[in-house]
Amino acid sequence: MDNSYGKAKELASFLIKHYTEQLHSIILSPDPRLHYPLLVDFAELLDDNPTLAHLLFSHPAEYLLVFDEAAIWAQKVIFKDLKQWDNASVKDYVHVRINVSGSPLECPETFPSIGRVRVKHRGILLTLKGTVIRSGAIKMIEGEKIYECRNCKHRFKVYPEVETRNVIPKPTICPSQSSKFCESTRFNLIEDNKICHDYQEIKIQENAQVLGVGAIPRSIPVILKDDLVDTVKAGDDVIVTGVLTAKWSPDVKDVRCDLDPVLVANYVRRMNEVKSGIDIPDDVIMKFKQFWLDFENAPLKGRNAILRGICPQVFGLFTVKLAVALTLIGGVQHVDASGTKVRGESHLLLVGDPGTGKSQFLKFAAKLSNRSVITTGLGSTSAGLTVTAVKDGGEWMLEAGALVLADGGLCCIDEFDRLVLLQLSVQGQLSLVQQIQRDSMILMNSQMEMPNLALSVNTTLSGPLLSRFDIVLVLLDKKNPEWDAVVSSHILAEGEKENDNCNEDLTSTWPFPMLRRYIHFVKRNVRPVLSKEAENVISRYFQLQRRSATQNAARTTVRMLESLIRLAQAHARLMFRNEVTRLDAITAILCIESSMTTSAIVDSVGNALHSNFAENPDEEYAKQEMLILQKLCIIDEFPALKSNHQ
């Protein structure tokens, strides 16, 4: 490195000028054996010294080491003013971490997708974004060796080579740059200065949602060292800045060795707190508010207008579309006094005959969610859906499954066979060697091969596990001449716009982008609280179910109570309200009743496949409300409602 000492002094003055506070904190830290990060903004370096910024970008492998030396020099300068402090000392292990956020390095050339990484990116400061799908064990490697030339007594460091799997090569010639070049080939190893580093390998994969149709998500290994190890886990969204290099693949018999690309990380930024947010302008929020003002006197008609935008290619299926909307929006998560987390995410199970649109709803729901994973459960194990221990190059690593990758979003499992999701559905997390968060909604689909047998037999899921689903809808394609006539007429007249101008006007208000923004907005900004009326209705329904349940099934009604609260909160969010009203509670009860083969509240449950949108949903709801309140024996508590009905 030419003029490396001069560049180190320039970088040291830059650190003293802009990062004195961080340097103070490092100097006053008590443990001198730890590795300390020093976060530097590339945009600030570019404004202060464009030449050094360009050298750092074009030759990061060299100048990141110079930057680390500059951090030690800067400490020595500042240390003179901090000698009076007891714990003050110059730390030898300080690593400058480059943050490219807000700088020109966020352009596509230096911030490509993982699948577009090429040889031209090797050797520059590169930034990649992805999801951690695999995390290896933390190791200890020898970081550098110090040699002394026997001829000129020049001491120099030799670093491990990633290409040869961190083997430190023996020097071949003296690198002294004095006026008289030494060029000696004889050296002594300084054994007293053996330096070791923490080392971990992870693998990140690009987000499938940003890829084109038919594209396969690509992945790349990432090397973490020192303070960066164990900062991320499987399922985390990260932005990694580092240097692209290559290493030889493991030696396997009868398999050719190749050079595999690998990113040596300099800085890792976790993005879990800002997961793939959706931009919602103020004018769009005003449209949401104006929409509900227009339907103030007919709120359920407005709600149905939103529901018509869900999977519009499928005719009818009102109950399924309502269940999908409530699952996507979810309730409000809270933590009780003992610290136990009660999940707010809802789980939906669709079971039924082939050709009833189950897979279409899964795919459409995945598009609506800002973070989603679609997988097939047929033949999959619980490890494949949660986390798997895999062996790579002789080392065991944890690889994230679909539920972990969908953390904070929606996991759609199509055609599942037999899953072990009990702990995941209850606690929202999985404990296996390390804690892996799983706060995703689950939307599952299965065929019903024997409709005359119990649901647990058709789904191969036990009763306790079935109770983890807030809504279970059975779609049976039974003979129904009236329904068949309606569906056939709809399909044949699909191209004739004049047949349904009213409904078309309503659905045109909620195109897919608008619907996606609305679901994201209410989920993030609306936190409804149960009103006294809603609490009373839910409590009475819970007591009724407890009285009518058998001894074995009684304990499942407790989970039903939690599901009722979640669904009522989700419906209040759907209705753009911060309070859960009686309407929301009764709608949640109707959703729960739709999951039952027999109902103690509604006279005829009906087939979810044949459920259609009512012409006047508000009048239809008023009839259902009176019936449910009478069944719950609380109609007398609402005299105004009783007099209106009479």
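Residues numbered from 1 in each chain as written. Predicted model: local features only at pLDDT ≥ 70, side-chain atom pairs only at ≥ 80, totals over all residues. Heavy atoms only, no water.

- Identification of the protein chain as DNA helicase from Coffea arabica is taken from an unreviewed UniProt entry.
- Under the Subcellular location (unreviewed entry) heading, UniProt states for the protein chain: "Nucleus".
- Reading the Catalytic activity (unreviewed entry) entry of the UniProt record for the protein chain gives the comment "ATP + H2O = ADP + phosphate + H(+)". (UniProt positions renumbered as here; feature names shortened; annotations may be inferred.)

### Comments concerning the pattern of salt bridges
Thought 1: By the definition in use, this model includes 11 salt bridges.
Thought 2: Glu144 is the salt-bridge partner of Lys157, the closest N and O atoms lying 3.4 Å from each other. Note that Lys157 is positioned in strand β5 (residues 155–158) and Glu144 in strand β4 (residues 139–149), a separation of 13 residues in sequence.
Thought 3: Lys157 gets classed as partly exposed once you look at its relative accessible area, which sits at 45%.
Thought 4: Glu533 is the salt-bridge partner of Arg582, the closest N and O atoms lying 2.8 Å from each other. Of this pair, Arg582 sits in helix α20 (residues 582–594) while Glu533 sits in helix α18 (residues 532–548), and the two are 49 residues apart along the sequence.
Thought 5: The exposure class assigned to Arg582 is buried, which follows from its relative accessible area of 15%. (Salt bridge = Lys/Arg side-chain N within 4 Å of Asp/Glu carboxyl O. Helix = DSSP H or I, 4+ residues; strand = E, 2+ residues; numbered from the N terminus. Buried < 20%, exposed > 50% of the residue type's maximum accessible area, 1.4 Å probe, protein only.)

### Observations concerning the state of the cysteines
Thought 1: By the definition in use, this model includes 0 disulfides.
Thought 2: As a non-bridged cysteine, Cys152 has Cys174 as the owner of its nearest cysteine sulfur, 3.7 Å distant.
Thought 3: In this structure Cys152 comes out as partly exposed when scored by relative accessible area, which is 36%. (Disulfide = S-S within 2.5 Å.)

### Topic: the pairing of strand β8 (residues 219–225)
Thought 1: One ladder, built from 7 bridges, connects strand β7 (residues 195–205) with β8; its direction is antiparallel. Bridge pairing links Gln200 to Leu224 in β8.
Thought 2: As paired strands, β8 and strand β10 (residues 259–270) are joined by 2 bridges and run parallel to one another. Within the sheet, the bridge partner assigned to Ile223 lies in β10 and is Val264. (Pairing = 2+ DSSP bridges.)

### Quick notes on helix α2 (residues 20–27)
Thought 1: When we look at burial in α2, the residues that qualify are Leu23, Ile26 and Ile27. For α2, the arc enclosing every buried residue in end-on projection is 95°, short of the 170-degree limit, so these residues lie on one face. (Arc of directions from axis to C-beta.)

### Some remarks on the environment of Asn616
Thought 1: Among the structural elements, Asn616 can be located in the loop between α20 and α21 (617–631).
Thought 2: With 316 residues separating them along the chain, Asn616 and Leu300 place their C-alpha atoms 8.6 Å apart.
Thought 3: Engagement of the side chain of Asn616 in a polar contact is seen with the side chain of Glu619, the distance being 3.2 Å. (Polar contact = N/O pair within 3.5 Å; in protein donor to acceptor, adjacent residues only side chain to side chain.)

### A look at the packing of aromatic side chains
Thought 1: All chains considered together, the criterion is met by 14 aromatic pairs.
Thought 2: With 5.8 Å between their ring centres and 65° between their planes, Phe14 and Tyr19 make a pair best called edge-to-face. Residue Phe14 shares its accessibility class with Tyr19, and that shared class is buried.
Thought 3: Taken together, a centroid distance of 6.0 Å and an interplanar angle of 25° make the contact between Tyr518 and Phe576 stacked. Here Tyr518, found in helix α17 (residues 512–525), pairs with Phe576, found in the loop between α19 (556–574) and β23 (579–580); they are 58 residues apart in sequence, far enough to count as distant.
Thought 4: In this structure Tyr518 comes out as buried when scored by relative accessible area, which is 0%.
Thought 5: Among the aromatic side chains, those forming a connected cluster through ring pairs are Phe288, Phe291, Trp292, Phe295, Trp510, Tyr518, Phe521 and Phe576.
Thought 6: Positioned above the aromatic ring of Phe613, the side-chain terminus of Arg308 is 4.5 Å from the ring centre. (Phe/Tyr/Trp six-rings, centres within 6.5 Å; stacked < 30°, edge-to-face > 60°. Lys NZ or Arg CZ within 6 Å of the ring centre and 35° of its normal.)

### Regarding the side chain of Asp470
Thought 1: The residue Asp470 is located in the loop between α14 (463–466) and β21 (471–475) in this model.
Thought 2: Reaching out from Asp470, the side chain makes a polar contact with the side chain of Ser563 at a distance of 2.8 Å.
Thought 3: At a separation of 2.9 Å, a polar atom in the side chain of Asp470 contacts the side chain of Arg566.
Thought 4: Dropping the residues within four chain positions of it, Asp470 is found in contact with Arg343, Glu345, Ser346, His347, Ser563, Arg566, Leu567, Ile592 and Ser595. (Contact = heavy atoms within 4.5 Å.)

### Here we look at the nonpolar core
Thought 1: Within the largest apolar cluster, 76 residues are counted, with the highest numbers of intra-cluster contacts made by Ile310 and Val320.
Thought 2: The dominant element in this core, judged by the number of residues it contributes, is helix α8 (residues 318–329), at 9 residues. (Core = buried A, V, L, I, M, F, W, Y, C linked by side-chain atoms within 4.5 Å.)

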